[in-house]
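Here are the chains, one letter per residue:
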Amino acid sequence: MSAIKVEQLHKRFGDVHVLRGLSFDVQPGEGVVLLGANGCGKSTMMRCLNGLTPVSDGKVWVNDQCVQTASRREVKRIRQQVGVVFQRFNLVGNLSVFQNVLYGALGRQRWGILGAMAPLASAEERDKAMACLERVRLADKAAQRAEELSGGQQQRVAIARMLMQEPEIVLADEPIASLDPKSGREVMELLWDVVRERGLTVICTLHQLDVALEYGERFIGMKAGHIEIDAPRQAVDKALLHGLYQGQVRVDGQTVSEPQETHDLAPA
Ligand SMILES: Nc1ncnc2c1ncn2[C@@H]1O[C@H](COP(=O)(O)OP(=O)(O)O)[C@@H](O)[C@H]1O
Ligand SMILES: [Mg+2]
């Protein structure tokens, strides 16, 4: 069984052929770092994995269930198995840290009806949310508004929210790109620790090669919409990974890699 399997995945946005036949297979519990220059298609690929973006051709399986042929209800269930961590945290700033964790991860609920459903949280769910906050060492901030926290703290809340969902697979798209180096390191350390202690499968994009080499157990490197490298940690070094950022790297024909625009996993 695979946690994620992708076969001949193609994605086009109009004339732009963004994903050009990707195939790979991720085993349960694997820790994959996804690398590639800006504009090579990483975020688009991540969005295809949990059905947020429809594929143009090819197939994606999550826990051996095909996302393209799944019913709407099955896609919902697949998404509940896939936790996401975004570059921009995506917390609801004016709600408390606790509420963000308690309600944010429940894929089936919408923020619009939050007021109506708030009293429905069971004591058990509230305890669980608190335990998730304790795990990211922010229990003391539970009552504070999310927007009052530092970037690093907000990303730790987002990790607690992800844990609340009890996913089997975690997709993290540039989780530390908006943070200063020190809090970025702390967040990465925490993310990898919680993923490891629960035996979760993770695919994480990063743009700092040093950090990537520290955490990745397997590296998938993309260049201009195709997979250039797929290798275990021991088979890659910085020089090899550097090659991903040279030459024709983007999918849209531009020759330079522009500074990172933020394309999170959220639907465009
Ligand atoms: N919703 C969209 N509509 C049109 N083009 C898109 C859309 N999303 C991404 N693209 C294009 O796909 C290419 C790859 O983008 P992206 O997947 O965000 O790359 P990366 O995450 O590697 O920087 C870019 O040229 C981008 O402009
Ligand atoms: Mg991206």
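Residues numbered from 1 in each chain as written. Chains lettered and ligands numbered in written order. Predicted model: local features only at pLDDT ≥ 70, side-chain atom pairs only at ≥ 80, totals over all residues.

Glancing now at the overall build of the protein. The helix and strand tally for the protein stands at 9 helices and 10 strands. Counting all 268 residues of the protein, 42% fall into the buried class. The contacts of the protein with a sequence gap of at least 6 include a subset with a gap of at least 24, amounting to 73%. (Helix = DSSP H or I, 4+ residues; strand = E, 2+ residues; numbered from the N terminus. Buried ≥ 20, exposed ≤ 12 C-beta atoms within 10 Å, placed from the backbone. Contact = placed C-beta atoms within 7 Å.)

Turning our eyes to something else, we now look at helix 7 (residues 181-197). One turn of an α-helix holds 3.6 residues; hence residues three or four places apart share an orientation. Taking 1.5 Å as the rise per residue, helix 7 with 17 residues should run 24 Å; its terminal C-alpha atoms sit 24 Å apart, in good agreement. Those residues of helix 7 that sit buried are Gly184, Val187, Met188, Leu191, Val194 and Val195. Around the axis of helix 7, the buried residues are gathered within 140° of arc, so they sit on the same side. Among the exposed residues of helix 7, those pointing more than 90 degrees away from its buried face are Lys182 and Glu197. Once helix 7 ends, the next one or two residues include Gly199, with phi positive near 65°. (Expected span 1.5 Å × (residues − 1). Arc of directions from axis to C-beta.)

This brings us to the pairing of strand 9 (residues 218-223). Here strand 9 lies mainly inside the structure; 5 of its 6 residues are buried. Sheet topology note: the strand 3 (residues 31-35)/strand 9 ladder contains 4 bridges and is parallel. Pairing of Leu34 across the sheet is with Ile220, part of strand 9. Where strand 9 meets strand 10 (residues 226-232), 6 bridges bridge the pair, whose relative direction is antiparallel. When the bridges of strand 10 are listed, Lys223 appears paired with His226. Connecting strand 9 to the antiparallel partner strand 10 that follows it, the hairpin turn spans 2 residues, and Ala224 within it adopts a positive phi of roughly 45°. (Pairing = 2+ DSSP bridges.)

Counting 76 residues, the largest nonpolar core has Val101 and Ala160 as the members making the most contacts within it. Among the elements that take part in this core, helix 6 (residues 151-164) stands out by supplying 7 residues, more than any other. What Ala160 contacts, discounting residues up to four positions off in sequence, is Val101, Cys132, Leu133, Arg135, Val136 and Leu138. (Core = buried A, V, L, I, M, F, W, Y, C linked by C-beta atoms within 7 Å.)

As for its placement among the helices and strands, Gln246 is situated in the segment after helix 9 (238-242). It is 9.8 Å that separates the C-alpha atoms of Gln246 and Gly36, two residues lying 210 residues apart in sequence.

Glancing now at unusual backbone geometry. Backbone geometry places Gln8, a non-glycine residue, at a positive phi of 50°. Residue Ala224 is not a glycine yet carries a positive backbone phi of 45°. Checked against the element boundaries, Ala224 lands in the loop between strand 9 and strand 10. Residue class for Ala224 comes out buried when judged on the 20 C-beta atoms lying within 10 Å of it.

Moving on: the sheet that holds strand 7 (residues 169-173). One open sheet accounts for 6 strands, arranged 6-7-8-3-9-10; its pairing is mixed. The sheet is open, and its two edges are formed by strand 6 (82-85) and strand 10, each paired on a single side. Across the sheet, the mean angle from the axis of one strand to that of its neighbour is 15°, orientation sign disregarded. For strand 6 and strand 7, the ladder comprises 4 bridges, and the chain directions are parallel. Its bridge partner being in strand 7, Gly83 is matched across the sheet by Val170. (Axes fitted to C-alpha atoms, helices over the stretch in contact; angles between N-to-C directions.)

The next subject is the packing of helix 3 (residues 97-104) against helix 5 (residues 123-135). Between helix 3 and helix 5, whose axes approach to 9 Å, the crossing angle comes to 115°. With respect to the hand of their crossing, helix 3 and helix 5 are arranged in right-handed fashion. Together, Val97, Phe98, Val101 and Leu102 of helix 3 and Glu125, Arg126, Ala129, Cys132 and Leu133 of helix 5 make up the contact between the two elements. Among the residues making up the contact of helix 3 with helix 5, the classes are represented as 7 nonpolar, no polar and 2 charged. (Left-handed = near helix turned anticlockwise from the far one by under 90°. Nonpolar A, V, L, I, M, F, W, Y, C, P; charged D, E, K, R; others polar.)

Next up on the list: the confidence of the model for the protein. For the protein, the mean per-residue pLDDT works out to 90, and 89% of the residues sit at or above 70. In this model residues 257-264 is a low-confidence stretch, pLDDT under 50, and it forms 20 contacts with partners more than four residues away in sequence or in other chains. (pLDDT = per-residue confidence, 0-100.)

Bridge count between strand 1 (residues 4-13) and strand 2 (residues 16-26): 8 bridges; the pairing is antiparallel. If you follow Lys11 over to strand 2, its bridge partner there is Leu19. Connecting the antiparallel pair strand 1 and strand 2 is a turn made up of 2 residues, with Gly14 showing a positive phi of about 60°. By the bridge criterion, 5 bridges tie strand 1 to strand 4 (residues 57-62) in an arrangement that is antiparallel. Within strand 4, the residue paired with Val6 across the bridge is Val60.

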